[in-house]
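Structural characterization, general
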Amino acid sequence: MPPRVRFAPSPTGYLHVGGARTALFNWLFARRHGGTFVLRIEDTDVQRSSADMVTGILDGLRWLGLDWDEGPEVGGAHGPYFQSERLDRYRAAAARLVAGGHAYDCYCSPERLRDEREKAEARGEAWQYDRACLSLPPERRSELERAGAPRAIRFKVPETHAAFDDVVHGPIAFDPRAIEDFVILRSDHHPTYHLSVVVDDVEMRITHVIRGDDHISNTPKHLLLFEALGAVPPTFAHVPLILGGDKKRLSKRHGATSVTEYRRQGYLPAAMVNFLALLGWSPGDDRELMSVEELVASFSLEGISGGNAVFNVEKLDWMNGQYIARLPARELAGAVAPLLRDAGFAVPADAAWWYRLLDLLRPRARRLTDFVELARPFLVDTVEYEPAAVEQHLRAPDVAAHLEALAAALGTADPFDEPHVEAAVRGTAAERGIKAGVLIHATRVALTGRTTSPGLFEIIVILGRDRSVARIERLVNFLAMRNARGIS
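Residues numbered from 1 in each chain as written. Predicted model: local features only at pLDDT ≥ 70, side-chain atom pairs only at ≥ 80, totals over all residues. Heavy atoms only, no water.

**Here's the deal with the overall build of the chain**
Counting its secondary structure elements, the chain contains 20 helices and 11 strands. A globule of 488 residues ought to have a C-alpha radius of gyration of about 23 Å, yet the chain, at 32 Å, is considerably larger. On the principal axes, the C-alpha backbone points of the chain span a range of 110 × 50 × 35 Å. Residue burial in the chain is summarised as follows: out of 488 residues, 48% are buried. Total accessible area on the chain is roughly 23200 Å²; 50% of this is exposed by carbon and sulfur atoms. (Helix = DSSP H or I, 4+ residues; strand = E, 2+ residues; numbered from the N terminus. Rg over C-alpha atoms; globule rule 2.2 N^0.38 Å. Buried < 20%, exposed > 50% of the residue type's maximum accessible area, 1.4 Å probe, protein only. Areas by Shrake-Rupley, 256 points an atom, 1.4 Å probe, with all protein chains shown as cover.)

So, in structure tokens, the structure goes:
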């Protein structure tokens, strides 16, 4: 049968890049093999879960283009897809396990468990639950029930050696003797993660579980539960964790960790998907820039590396810049427009002029947010001169006179295109007996206020004759006022 995979986030936070990468691997595997991608919300932690976080997770997946075949807002034959709406199923499964001798009631108080653990630690020993409630006499059990003692349900771990084949890591063996009888249903009748995830995977007919390496230690417990419930376990593939540049697990100290934040920072979803796909997976060759269609066609679980992946922001910036360079002008303009408005700028009404400006700025942009600052000199009426630009490029002798001569030359350049503008600049420099660079740098300050910018001749043409000449004359006046005040 076609594979059925699931992404099962807990809505206790926004969509983390690690979770997004896990979702992506599941989605790519399903799309590659014509399978089903299920989205399941594990919201049994009532105190920490919130509807806002659910919305954030769904929005993050949609932004990345990861559509789900079954789940919230879509439905499906195996719902509901919120664990908070499936509590009766977990309780029924726990009761079946008790009836079948695979689990038992535990009346131990948290105080007793804490005391026993502390005693063991004082002796320098590791403590496991001592099965104090496994063989309670019937009269003691009745006494506790009459007293209304809180009761959890523990899984009875069998004494059998077991192993499983992980698609990424190969054979993994475990000794059940190292696993204590773990709780599957708490005294408040809420399931633990171990029970709910297995019951859901069974009922939703999940064939492959693709999740992070941090779940490897949970897999032995889950396999025991699958067996006790009489279900065939899925195939497991545990993917490497994502680390920061210091080789520690990615966290807020490394910068943004939520997909929503990367969206705000100006990354394109296609670039983010491409980048995340290559964190711990390889197509088997040296390709780096891959479309979604290429990722789907190439993806395999066998291509996932067993080693941890490092989240390199510089690599993401490079990749995002490559995607920006390839984005059609209309799409780029649409992506930049809301960022301009947020910064207080109006989107230029002349679409052709705006597209030309965006094309001029593309080579310097690594994020969409870069366009706001790069475009600023072209969108304001007057520019502010950076002190460093003034100090570096306006101290040459007679620079004001050189600029005045250029303003006159630009006033007669015809047609007003890049070749004729370049001829006016270089011709003025030659007539004035100065290097062209001196005039070019000073003019750049006049037009943008900065030491760096796109090509000067392109800037002059995009600004137009009148604006360019007016800005040059404004700088000439600025220099005259400085000289009048005796500022060198």
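**Some thoughts on a negative patch on the surface**
A surface patch of like charges, here negative, comprises Glu111, Asp115, Glu118 and Glu121. As for its position among the elements, aspartate 115 is in helix α4 (residues 110-122). (Patch = residues over 30% accessible without salt bridge, like charges linked within 9 Å, V, L, I, M, F, W, Y side chains within 5 Å. Salt bridge = Lys/Arg side-chain N within 4 Å of Asp/Glu carboxyl O. Lys, Arg positive; Asp, Glu negative; His and termini not counted. Charge placed at Lys NZ, Arg CZ, Asp CG, Glu CD.)

**What to know about the sheet that holds strand β7 (residues 183-185)**
Sheet architecture is open: 3 strands sit in the order β3-β4-β7, paired in antiparallel fashion. Unpaired on one side and paired on the other, β3 (103-106) and β7 mark the two borders of the sheet. Between one strand axis and the next, the sheet turns by 45 degrees as a mean value, whatever way the strands run. Bridge analysis of strand β4 (residues 152-155) against β7 gives 2 bridges, and the strand direction is antiparallel. Across the sheet, the residue bridging to isoleucine 153 is leucine 185, located in β7. (Pairing = 2+ DSSP bridges. Axes fitted to C-alpha atoms, helices over the stretch in contact; angles between N-to-C directions.)

**Details of the pattern of salt bridges**
Applying the stated criterion across every chain yields a total of 32 salt bridges. Among the ionic pairs, aspartate 105 bridges to arginine 151, the shortest N-O distance being 3.7 Å. With aspartate 105 in strand β3 and arginine 151 in the loop between α5 (138-146) and β4, this pair connects stretches of sequence that are 46 residues apart. According to the relative accessible area criterion, aspartate 105 is buried, its value standing at 13%. Residue class for arginine 151 comes out partly exposed when judged on its relative accessible area of 32%.

**Side note on the side chain of arginine 154**
With respect to the helices and strands, arginine 154 occurs in strand β4. Buried charged residue arginine 154 carries no salt bridge. Nearest counter-charge: glutamate 180, at 4.6 Å. In terms of polar contacts, arginine 154 uses its side chain to reach the backbone carbonyl oxygen of aspartate 181, at 2.7 Å. In contact with arginine 154, other than residues within four places in its own chain, are His102, Ala103, Tyr104, Cys106, Leu113, Tyr129, Asp181, Phe182, Val183 and Ile184. (Polar contact = N/O pair within 3.5 Å; in protein donor to acceptor, adjacent residues only side chain to side chain. Contact = heavy atoms within 4.5 Å.)

**As for α4**
Taking 1.5 Å as the rise per residue, α4 with 13 residues should run 18 Å; its terminal C-alpha atoms sit 18 Å apart, in good agreement. Downstream of α4 by a residue or two, glycine 124 has a phi angle that is positive, lying close to 75 degrees. (Expected span 1.5 Å × (residues − 1).)

**Some words on the packing of helix α3 (residues 87-99) against helix α6 (residues 193-203)**
Interhelical geometry of α3 versus α6 gives an angle of 100 degrees and a closest axis separation of 10 Å. One element, α3, and the other, α6, form an angle in the roughly perpendicular class. Every residue of α6 that contacts α3 at Arg89, Tyr90, Ala93, Ala94 and Leu97 is listed here: Leu195, Ser196, Val199, Asp200 and Glu203. (Parallel < 35°, antiparallel > 145°, perpendicular 65-115°, else oblique.)

**As for helix α7 (residues 219-228)**
Of all the 10 residues making up α7, 8 are buried; the element is thus mostly covered by neighbouring parts of the structure. Two residues or fewer after α7 comes glycine 230, characterised by a positive phi angle close to 70 degrees.

**Digging into unusual backbone geometry**
Backbone torsion omega between glycine 79 and proline 80 reads 0 degrees, so that peptide bond is classified as cis. Assignment of secondary structure puts proline 80 in the loop between α2 (51-64) and α3. Here the bond from aspartate 414 into proline 415 is cis, since omega is 0 degrees, no more than 30 degrees from zero. Secondary-structure assignment places proline 415 in the loop between α16 (399-412) and α17 (418-432). Even without being a glycine, arginine 131 presents a positive backbone phi close to 60 degrees. Looking at where arginine 131 falls in the secondary structure, it is placed in the loop between α4 and α5. When its relative accessible area of 26% is taken as the criterion, arginine 131 is described as partly exposed. The backbone of arginine 205 sits at a positive phi, close to 60 degrees, despite the residue not being glycine. Within the secondary structure, arginine 205 sits in the loop between α6 and β8 (208-212). Taking the relative accessible area as the measure of exposure, arginine 205 reaches 55% and is therefore exposed.

**A closer look at the packing of aromatic side chains**
Throughout the structure, instances matching the rule amount to 8 aromatic pairs. Taking 5.6 Å as the distance between ring centres and 45 degrees as the angle between the ring planes, the aromatic pair formed by tyrosine 262 and phenylalanine 311 counts as tilted. One end of the pair, tyrosine 262, is in helix α8 (residues 259-264); the other, phenylalanine 311, is in the loop between β11 (309-310) and α11 (313-326), and 49 residues separate them in sequence. In terms of burial, tyrosine 262 and phenylalanine 311 fall into one category: buried. (Phe/Tyr/Trp six-rings, centres within 6.5 Å; stacked < 30°, edge-to-face > 60°.)

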